[in-house]
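Structural characterization, general
Residues per chain, in single letters:
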Amino acid sequence: MSLTQRSAVVRRLIVSPGSAPQHRSTAPVVASAAAVSAVLRAFGRPPEDLPARTVVLLGADTLDGVGPEHEGFTVRTADTPGRALRQAHRELHEGTADLALVAGFGEPDPRTITVYAVKRAAEAVADGDAVLGVLDVTTPGGEDTTPPLRPLTGSPRGTDPDRHRLVCWSGQNADDEMRVRDELLPMLSGVHREIFPALPATVPCGTAPGPIRGAAVTVSALAAPAVHKARATDASRPRPVALLFPGQGSQHAGMAAGLYRREPVFTAAVDAALSHMGEEGPRIRADWLDPARAAIGIDDVRRAQPLLFAIDYALGCLVLSWGVRPTALLGHSAGELVAATFAGVVSLRDAVAMVLARVREAVKIPAGGMLAVAASEEQVLPYLTADVAVAAVNANQQVMLAGSKDPLTEVAARLKADGHTVVTVPATSPFHSPAMAPASDAVEVAYRDIPLREPKMALYSGYTGALMSPQEARSPRFWARQITDTVYFRKALDELLAADDVLLVEVGPRQTLTAFARRHRSVRLGAGAVTPVLPARAGTPEADRQSVLTAAARIWTEGHDLDLNAVARLWTWSEEEAAGAEPRVPARAQTQLA
């Protein structure tokens, strides 16, 4: 059984709820309302910040003043803590819960409760949780026995001296930065190539980074020249970070595959997303990692949207694992659902269900496509027909059209005849056009059963061109109509950049949104800035890692103090086990069981 199919004990805390439960050795264990409230708050998060599908499992005999729900969360009892932990494992595995808070009363003494937070293991690693270990429910002993925790495997090391790595340095002023760089250059010139991956990620070591910063992404043989030529920047006033998530049309064969099994958080996050896709998950992974033998092409909606969601989500987790805390999120088309996942509107499992519902209904619509046109919205309006609509307005002179296959072909011919530049977008379905109306109506019905919440951070919507309101975030109709409605990305980006000067980070393939952002007046004037995480086109696995490191360098030289030990996993970690083996997790995600 793979890691993505297991539950993991994330953390364990001992709390005193005030009115203590009775100890099992003298009387039946009775759980009070105060005790359940203490369990919900055991890990320092208010209940409203817990996943919507949080279940409280109590190793108690009876409840005192507590119903099947408490503060909006399901509460169940089990005869023993062991049964409660095993029930948590089943519910996580079956997908009926996203987090289980398991309470053992009278542990370690009569007046305390031991609370375990239990999540699916891959999601725990992707979220950077402090993982105690994996519940081993296969150990014999019966339902009442507490399942042991199997320690997570330590971090594999991949110290290939020919892989790119990041070198950072800083100073308190320009002269100090130059002094540090001059001390660094001889070390890089004389270091043995086998030692290069093990050098510190930042210089000087052991002190807080200064405001004048430099960084270089390089291999061993070119390290000294790269550091010598790097430009130092003043990072004393860092701009906040906003994440951009691209949608369909940005996908390409093998996108971000160079990070899989070579970066633990990215790997776990991809596995976590695919694990919620049922039998299609392994097929999608196989087609992604071996495009030459793919059963379904990457531009088919059955591959493009589920895989693009998984990649965008995994890259977002990767950037967050560095310690980046974005102040705003903006997704394009299907990317808006990824942004909503990070904003807390919807759980990962439910977001995947929403993507799959879109795909399921989209394949029922007759074949169509999308076009990118170098023109304004006003210029293309005369060319539109009942079957062809404006799908997206991305920049002042860049729009997308969508529609059924034959009418779209005719519109493309007319535009080209009149001298417009027209490019076919890789898509097989006419998203954001009236042709998708039956699919929109069908997914709205499916979305009514999904818990939706208001955003916990600034979430800009391409469908309104403004901040997403709590009412919109909680509306199944709002999410369903995204299949048919125009994406006003330019307007949403206008709103985001009007609110603040930010560093935009595109967490997705192909740099499509980066290109749009570079045309924006704020970025052209230098008030805002943009950096992509992945290359502009398909390349080698090493090119993927080099591009990610370049993004990390840009964020660090902007003035954000990254967890450079986490960034270093891109050149010190690898997982090259055979497909189907349990992925390992980084050593920093482990704690010893007391």
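As the structure is a computational prediction, the values presented were derived from the model and not from experiment. Residue indices follow the written sequence of each chain, beginning from 1 at its first position. Where local features are concerned, this predicted model is filtered to residues with pLDDT of at least 70; where side-chain atom pairs are given and counted, the filter is 80 or more; whole-chain, interface and lining totals use all residues. Remark: hydrogens and water are excluded; side-chain values derive from all non-hydrogen atoms of the structure.

Describing the overall build of the protein
For clarity, the threshold we go by: Here a strand is any run of E in DSSP of at least two residues, a helix any run of H or I of at least four, and the numbering for each starts at the N terminus. The globule rule used here is 2.2 Å times the number of residues to the 0.38 power, and the radius of gyration it is set against is calculated over C-alpha atoms. Contacts between residues were defined by any pair of non-hydrogen atoms, one from each residue, lying within 4.5 Å. Exposure was quantified through the Shrake-Rupley algorithm and a 1.4 Å probe, taking into account, for residues, occlusion by the shown protein chains and nothing else.
The number of helices and strands found in the protein is 21 helices and 24 strands. In summary, the protein has a C-alpha radius of gyration of 26 Å against a globular reference of 25 Å for 594 residues, a match within 12%. Expressed along its principal axes, the backbone C-alpha trace of the protein runs to roughly 90 × 65 × 45 Å. In the protein, of all internal contacts separated by at least 6 residues, the share reaching a separation of at least 24 is 74%. Of the roughly 23,400 Å² of accessible surface on the protein, 52% is carried by carbon and sulfur atoms.

Re unusual backbone geometry
A cis amide bond links Val203 with the next residue in sequence, Pro204, at an omega value of 0°. With respect to the helices, strands and loops of the structure, Pro204 is situated in the loop between β12 (202-203) and β13 (212-218). With phi around 65°, Ala256 is a residue other than glycine that occupies positive phi space. Among the secondary structure elements, Ala256 is positioned in the loop between β15 (241-245) and α6 (264-275). Within the chain, Arg510 stands out as a residue other than glycine whose phi angle is a positive 75°. Checked against the element boundaries, Arg510 lands in the loop between β23 (503-506) and α17 (512-518).

As for helix α13 (residues 437-447)
How we decide: Buried residues are those whose accessible area, probed at 1.4 Å on protein chains only, stays under 20% of the maximum for their type, while exposed residues exceed 50% and partly exposed ones sit between those limits. Note that the arc is computed from the directions linking the helix axis to the C-beta atoms.
Within the span of α13, buried status applies to Ala439, Ser440, Val443, Glu444 and Tyr447. For α13, the angular spread of buried residues about the axis comes to 140°, placing them on one side. Buried residues belonging to α13 abut α10 (348-362) and α15 (476-480).

Comments concerning the sheet that holds strand β6 (residues 73-78)
Applied cut-off: Pairing between strands is defined by DSSP: at least two bridges between the two strands are required. Each axis is a line fitted through C-alpha atoms, taken for helices only over the stretch in contact, and angles between the N-to-C directions span 0 to 180 degrees.
One open sheet holds the eight strands; their spatial order is β5-β6-β3-β7-β8-β1-β9-β10, and the pairing between them is mixed. Across the chains shown, the open sheet's two edge strands, defined by having one partner strand only, are β5 (69-70) and β10 (149-150). In the packing of helix α2 (residues 81-94) onto the sheet, contacts are made with β1 (7-15), β3 (54-59), β6, β7 (99-105), β8 (113-120) and β9 (133-135), and the angle to β3 comes to roughly 160°.

Topic: the state of the cysteines
Just so we agree on the cut-off: By convention in this document, the label disulfide applies to cysteine sulfur atom pairs within 2.5 Å.
Overall, the coordinates contain zero disulfides when judged by the stated rule. With no disulfide partner, Cys205 has as its closest neighbouring cysteine sulfur the one in Cys168, 11 Å distant.

Details of the sheet that holds strand β11 (residues 165-171)
Strand order across the open sheet formed by four strands is β12-β11-β13-β14, with mixed pairing between neighbours. At either end of the open sheet lies a strand with only one pairing partner, and these are β12 and β14 (233-234). By the bridge criterion, two bridges tie β11 to β12 in an arrangement that is parallel. The residue bridging Trp169 from the neighbouring strand is Val203, located in β12. This element, helix α4 (residues 174-190), spans β11, β12 and β13 of the sheet and lies at about 140° to β11. The sheet strands contacting helix α19 (residues 541-558) are β11, β12, β13 and β14, and the helix crosses β13 at an angle near 175°.

Examining the packing of aromatic side chains
Worth spelling out the cut-off: A pair of Phe, Tyr and Trp rings is counted when the ring centres sit within 6.5 Å of each other, with Trp represented by its six-membered ring. The angle between the planes then sorts it: under 30 degrees is stacked, over 60 is edge-to-face, the rest tilted. Over a ring means this: the NZ of a Lys or the CZ of an Arg is within 6 Å of the ring centre and within 35 degrees of the ring normal.
Across all of its chains, the model carries six aromatic pairs by this definition. Ring geometry for Tyr260 versus Trp288: centroids 5.2 Å apart, planes at 65°, classification edge-to-face. Taken as a pair, Tyr260 in the loop between β15 and α6 and Trp288 in helix α7 (residues 280-289) lie far apart in primary sequence, 28 residues in all. Under the relative-accessibility criterion, Tyr260 is labelled buried at 8%. Residue classification places Trp288 among the buried residues on the basis of a relative accessible area of 2%. Taken together through their ring pairs, the aromatic side chains of Phe245, Phe309, Tyr313 and Phe342 make up a single cluster. The ring centre of Phe196 lies 5.4 Å from the NZ or CZ of Arg165, which sits over that ring.

So, α10
Operational definition: Helix span is expected to be 1.5 Å times the residue number reduced by one.
The end-to-end C-alpha separation of α10 is 21 Å, in line with the 21 Å expected for 15 residues at 1.5 Å each. Across the 15 residues of α10, 11 count as buried, placing the element largely inside the fold. All of the buried residues in α10 are Leu348, Asp350, Ala351, Val352, Met354, Val355, Ala357, Arg358, Val359, Glu361 and Ala362. Next to the buried residues of α10 lie α3 (121-126), α6, α8 (301-321), α9 (335-342), α13 and α15.

Here we look at the pairing of β8
Put simply, side chains in a regular strand alternate between the two faces of the sheet. Burial analysis of β8 places eight of its eight residues in the buried class, the great majority of the element. Examined bridge by bridge, β1 and β8 share eight bridges and lie antiparallel to one another. Across the sheet, Val9 pairs through a bridge with Val118, a residue of β8. Pairing analysis gives six bridges linking β7 to β8, with the strands arranged antiparallel. Within β8, the position partnered with Ala100 by the bridge is Val118.

By themselves, these observations are geometric and do not establish any function.
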